[in-house]
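# Understanding the architecture of this molecule
Spelled out, the chains give:
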Amino acid sequence: MWRSSLQRGTTCLLLVAAPRFLHERHLRLPAQRLLHRPLCGLERRCKAYAPSQSGTRFYKKDAKSTLECPVSPITITDIKHYLRFKEISFHDGYSCLHTPSIFVEPSARRDNFSLFVDKTTGQFLCKDTLVEGSWEDLQDCLEVMQKEEQDCLSPHVLLGYPESVEEQEEMERELREVQRIWSSSVPFSDLAEEEAQLVKTMFQITKVSNATLRRFGVRLFKPTKSLVFPWFGGPESSLKGVKLLSAQSTNTDKVTYKEATVPRCNSYYNLFGLPQVGRMDAEVVLTGHELDTLAVSQATGLPSVALPRGVSCLPPILLPYLEQFKRVTLWLGGDIRSWEASKIFSRKLGLRRCSLVRPGEYQPCPVEALAQGKNFGHIIKSSIPAAHKSIVSFKQLREDVYGELVNTEQVAGVKWGRFPELNRILKGHRKGELTVFTGPTGSGKTTFISEVALDLCMQGVNTLWGSFEINNVRLAKIMLTQFAMQRLEENLEQYDFWADKFEELPLYFMTFHGQQNIKTVLETMQHAVYLYDINHVIIDNLQFMMGQENLSVDKLAVQDHIIGAFRKFATNSSCHVTLVIHPRKEEDDRELQTASIFGSAKASQEADNVLILQEKKLLTCAGHRYLQVTKNRFDGDVGIFPLDFIKSSLTFSAPLKGKLKLRKVAAKPESEEGEVAAKKVEVKKEKVTKTTKTPRAVTKGNESTEK
């Protein structure tokens, strides 16, 4: 049932992608088309990438489309039933069904089962011709074949082409840029020995031999001193793109890498090392970096491929290329983030065939392990099976516990760059948690939480926004202003510059607005997690999403059910969910508390973190907004810190050091005894008054002192 949920969620996702580099696919079936159904707007946006005649994949979002018609849900049972009905044989693979390709002449088929159908989404890919499309496209093709009594269809039936001359020119410009970089790059065998050794030292790959670099086609682009990793693909193994890797040293003698791809990352789907894999190979080591793949291949001789986007995402379109392997070892890096990504990716690949290399002191990332002379064979053999039983003992948890103790900073999660005080209290943003956020009406909840999410998104956290109160255009405008840190209305000449940078963020939007059924929302979220490996989902806000649908039932009970569903989703999907909830109506001069969250205590009980945006003018603070953390399940730290709202950039920041810290104070009494009495009165009363309290007797033991 969950697979049908994912497919139905296809209609509700809007990808922030680069329209200049991504193009829409068009169907070019024979003249007499059996089915003439129009594609709904968002279905058209979410169709799979398809190769053009030049081998480059194209995809284009349709920003004007709206959610008008849902896509029929598809299950693995429906797919199998349809294929049997059409008398098409198939094999049940790990994440795909394998069928004979209908785009290749039967006599010319190298592999009888070269067409792969994704079990979750129904999308298909023919590895022989690179033809791909949705499940509906495949059905259309089969119906046409049956009607015209053909044995196969032309591989150009579903190929895409640019809509406009500008897009065609942009595509050609990209291909020329790829060829220019590649032709200007120098193989390591053509470099002087000293220069080659200097480059290897800079990238910390001194143990990687020139023979390994030559076998994988790695070159050096001298103008930027970058390594060049080629992307060869298609039936003719043509050059489709390149990745440029530059290295920078830090104060701690560690090397940080910067990547750039042509075409852009949204269109870059290169499993580096795939051309080196034989058709009969049954085992592969999956890494998160091209340099790691070089190290694994040289040290073990095993087939190894690198994911194009590292640990941030495993695009489902790459799954067919990994179907041939009976054993997949995921060695994505040496930190906690790579370990979490390994567990998530193994669900897509099939738990029963996956094993995970646990990061640790004796099992660093492959390129470091090669430099330290580690035993690769021992590390791979000691990898942990991804599948696990429902009941485990401490023996199975022991290494996980030790790993969290050793890597406390990484376990704490991703740190905010704009909110250091939030790092001090919450320690970081962690997967699998539920955060409840509330604040008075008009206090700026959406503006604040959008900047918090944007901060994380800028650090590579794949983010999905569900804005039920304001439309996506207005929300995107707010986030773009926060991203540029200025009002672009006054600087329109800079709009394209900042918009291009904003498009590169792993940011997605649900197209819901107003009341929606919780089942539909969860299906969309599940679909986004599968396709885009979403790490953070924001629901703004719960009341608008609920609407007035269930007037005849207990509204609080419905809200509790929805909160429980989000809690379960966060845990099972290893995805952080931020839930914005309006508070109860309180007096204007009273601060909000955890109990002020609308509804029962279910929200605060299920939440891992509770954040309250307070709005009140205090005696010693010039500002009137501050953030209060009233619950922190990670380590228990709670606290408050002031915020200053900068209207020109719609951002929040901590006040300057010269300003007073946020705290409540009472009027200063005349004596020390009076100060003690004032503190007692302050505890009993919620409001701080400036009036002097009536002196009372303070008794200590048997002695009594009159004030």
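Residues numbered from 1 in each chain as written. Predicted model: local features only at pLDDT ≥ 70, side-chain atom pairs only at ≥ 80, totals over all residues. Heavy atoms only, no water.

Turning our eyes to something else, we now look at the overall build of the protein. A tally of regular secondary structure across the protein gives 22 helices and 29 strands. When the 707 residues of the protein are sorted by exposure, 53% land in the buried category. When contacts within the protein are restricted to residue pairs at least 6 apart in sequence, those whose partners lie at least 24 apart make up 66%. Of the roughly 34,200 Å² that the protein leaves accessible, carbon and sulfur atoms contribute 52%. (Helix = DSSP H or I, 4+ residues; strand = E, 2+ residues; numbered from the N terminus. Buried < 20%, exposed > 50% of the residue type's maximum accessible area, 1.4 Å probe, protein only. Contact = heavy atoms within 4.5 Å. Areas by Shrake-Rupley, 256 points an atom, 1.4 Å probe, with all protein chains shown as cover.)

Residues M525, I539 and F566 are the most contacted members of the largest nonpolar core, which totals 68 residues. Examining the composition of this core, we find that 9 residues originate from one element, helix α18 (residues 518-532), more than from any other. With residues up to four places along the chain from it excluded, the contact list for I539 reads G466, F468, M510, V521, M525, M545, F566, T578, L579 and V580. Counting residues in hydrophobic clusters, the runner-up holds 38 residues, among them M479, L505, I538 and L613. (Core = buried A, V, L, I, M, F, W, Y, C linked by side-chain atoms within 4.5 Å.)

In helix packing, the relevant descriptors are the interaxial angle and the interaxial distance, both defined with respect to the helix axes. Running from amino to carboxyl end, helix α3 (residues 76-85) crosses helix α4 (residues 135-148) at an angle of 10°, the nearest separation of the two axes being 12 Å. With respect to α4, the axis of α3 lies roughly parallel. For the pair α3 and α4, the contacting residues are I79, Y82 and L83 in the first and W135, Q139, L142 and E143 in the second. Each residue belonging to the contact of α3 with α4 can be placed in one class, and the counts come to 5 nonpolar, 1 polar and 1 charged. (Axes fitted to C-alpha atoms, helices over the stretch in contact; angles between N-to-C directions. Parallel < 35°, antiparallel > 145°, perpendicular 65-115°, else oblique. Nonpolar A, V, L, I, M, F, W, Y, C, P; charged D, E, K, R; others polar.)

Here we take up the side chain of K86. Take K86: it is sitting in the loop between α3 and β4 (91-92). Relative accessible area serves as the criterion here: at 17%, K86 is assigned to the buried category. If near-sequence neighbours (up to four positions away) are discounted, K86 is found in contact with E143 and Q146.

With that settled, the discussion passes to the sheet that holds strand β7 (residues 124-126). Backbone-to-backbone hydrogen bonds pair the strands of a sheet. The strands run either parallel or antiparallel. Strand order in the open sheet formed by 5 strands is β4-β5-β6-β7-β8, and the pairing between neighbours is antiparallel. With partners counted over all chains shown, the strands left at the sheet margins are β4 and β8 (132-133), one partner each. Inspection of the sheet shows β4 paired to strand β5 (residues 96-99) by 2 bridges, in the antiparallel sense. Bridge pairing in β5 places H91 opposite H98. Running at roughly 135° to strand β6 (residues 115-118), α4 makes contact with β6, β7 and β8 of the sheet. (Pairing = 2+ DSSP bridges.)

Attention shifts here to the pattern of salt bridges. Within the structure shown, the criterion is met by 25 salt bridges. Close ionic contact of E177 with R180 constitutes a salt bridge, the shortest N to O distance being 2.8 Å. Residue E177 and its partner R180 are both found in helix α5 (residues 165-184); the two are separated by 3 residues, about one turn of the helix. Accessibility expressed as a relative area gives 30% for E177, which makes it partly exposed. Overall, the relative accessible area of 40% leaves R180 in the partly exposed class. With a closest N to O distance of 3.1 Å, R264 and E504 form a salt bridge. On the criterion of sequence distance, the pair formed by R264 in the loop between β13 (255-262) and β14 (283-287) and E504 in the loop between α17 (495-503) and β21 (507-510) is long-range, its members being 240 residues apart. Of the residues examined, R264 reaches a relative accessible area of 15% and is grouped as buried. What makes E504 partly exposed here is its relative accessible area of 32%. By sharing partners, the salt bridges in this structure join K80, D92 and K119 into a single network. (Salt bridge = Lys/Arg side-chain N within 4 Å of Asp/Glu carboxyl O.)

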